[in-house]
Amino acid sequence: MGRGRKETGFFGTIFAALTGGTTVRRTTTWTGKKKTIVTHWGSGKTKEYTHNDGFFGNKTTTKTTKNGRVVERGEVKKGFFGGTYETAKKVDGTKVERNFRSGIFTDYVTTKQSGTCHACDGKGTFSKACRACRGDGQFAVAGKHCANCAGTGSLIDERVCPGCHGDGWWVKPSNSPCRACDGSGIHIETCRKCTGSGLYHYPR
């Protein structure tokens with residue numbers, strides 16, 4: 001979390017900016033609230049922790065930006081049985097839960113996310129053009145010309161060809177429905193990321 005980290009000095013900030021590290025800066029808002037700003041130079045993300053003294057204890061609001069755009073807002077609270085947790089929501093509606101645990105050398109964070117599957121936009125399936133028929137839904141069956149009249153429908157003496165009855169074909173060209181897509185031209189594929197539910201949970 002931001003509050004427990006040591007503030008980064010001037011040279012440390014320059015080094016972090018050049019190497020893609022993380023810096024911590026402490027300041028106050030115009031209303032006098034304490035604020036901690038954690039910048040991750042490698043990912044372009046910045047997280048602001050605004051510390052408030054709530055009626056039931058300390059409460060911290062968070063705002064995460066990436067390349068200048070707000071991507072997440074949340075609240076950090078202390079649990080009744082110890083520990084610290086954060087509940088947040090991303091701009092795409094994803095719910096985020098984080099549990100913080102302090103270590104000797106660093107903090108440990110456990111993150112759970114749940115929301116609409118982004119791979120399929122919550123539909124659970126993908127609609128693609130059938131590969132077998134290339135989206136046409138049908139296969140063209142080639143015809144066969146009459147060999148007696150060479151497809152003309154009449155013989156040399158101008159009589160109607162008895163083999164094709166004058167139409168010039170033994171087998172007329174036709175179309176048959178594609179068996180792979182049942183003639184729809186569309187192949188429905190289940191989303192692997194959410195296994196067709198339209199939702200995802202991380203970690204599962």
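Structure first, text after, so check above.
How each quantity is defined
Residues numbered from 1 in each chain as written. Predicted model: local features only at pLDDT ≥ 70, side-chain atom pairs only at ≥ 80, totals over all residues. Heavy atoms only, no water. Helix = DSSP H or I, 4+ residues; strand = E, 2+ residues; numbered from the N terminus. Rg over C-alpha atoms; globule rule 2.2 N^0.38 Å. Buried < 20%, exposed > 50% of the residue type's maximum accessible area, 1.4 Å probe, protein only. Contact = heavy atoms within 4.5 Å. Salt bridge = Lys/Arg side-chain N within 4 Å of Asp/Glu carboxyl O. Polar contact = N/O pair within 3.5 Å; in protein donor to acceptor, adjacent residues only side chain to side chain. Phe/Tyr/Trp six-rings, centres within 6.5 Å; stacked < 30°, edge-to-face > 60°. Lys NZ or Arg CZ within 6 Å of the ring centre and 35° of its normal.

### As for the overall build of the protein
- Along the protein, the regular secondary structure elements total one helix and 15 strands.
- Here the C-alpha radius of gyration of the protein, 34 Å, is well above what a compact globule of 204 residues would show, namely 17 Å.
- Once the C-alpha set of the protein is aligned to its principal axes, its extents read approximately 110 × 40 × 35 Å.
- Looking at the protein as a whole, 26% of its 204 residues are labelled buried.
- The contacts of the protein with a sequence gap of at least 6 include a subset with a gap of at least 24, amounting to 36%.

### Comments concerning the pattern of salt bridges
- Inspection of every chain in the model, using the stated rule, returns nine salt bridges.
- One salt bridge connects E86 with R98, and the closest N-O pair in it is separated by 3.2 Å. You can see E86 sitting in strand β6 (residues 84-90) and its partner R98 sitting in strand β7 (residues 95-102), a full twelve residues away along the chain.
- In this structure E86 comes out as buried when scored by relative accessible area, which is 1%.
- In this structure, K128 and E189 form a salt bridge, with 3.5 Å as the shortest nitrogen-oxygen distance. Taken together, the positions of K128 in strand β9 (residues 125-129) and E189 in strand β14 (residues 186-190) put the pair 61 residues apart, joining distant regions of the chain.
- Judged by relative accessible area, which is 39%, K128 ranks as partly exposed.
- Among the ionic contacts, a cluster of salt bridges with common partners joins K47, E72, E86 and R98.

### A short note on unusual backbone geometry
- Unlike most non-glycine residues, D121 shows phi in positive territory, near 55°.
- Among the secondary structure elements, D121 is positioned in the loop between β8 (107-116) and β9.

### As for the side chain of Q113
- Structurally, Q113 can be placed in strand β8.
- Within polar-contact distance, the side chain of Q113 engages the side chain of K90 at 3.1 Å.
- Excluding residues that lie within four positions of it along the chain, Q113 makes contacts with K90, T94, K95, V96, Y200, H201 and Y202.

### Quick word on the environment of E189
- The exposure class assigned to E189 is partly exposed, which follows from its relative accessible area of 25%.
- Residues within four places of E189 in sequence aside, it is in contact with G124, T125, F126 and K128.

### Topic: the packing of aromatic side chains
- Enumeration according to the criterion identifies one aromatic pair in this entry.
- Arranged with centres 5.3 Å apart and planes meeting at 75°, the rings of F10 and F11 form a pair that is edge-to-face. Both residues of the pair, F10 and F11, belong to the exposed class.
- Positioned over the ring face of F126 is K128, at 5.9 Å from the centre of the ring.

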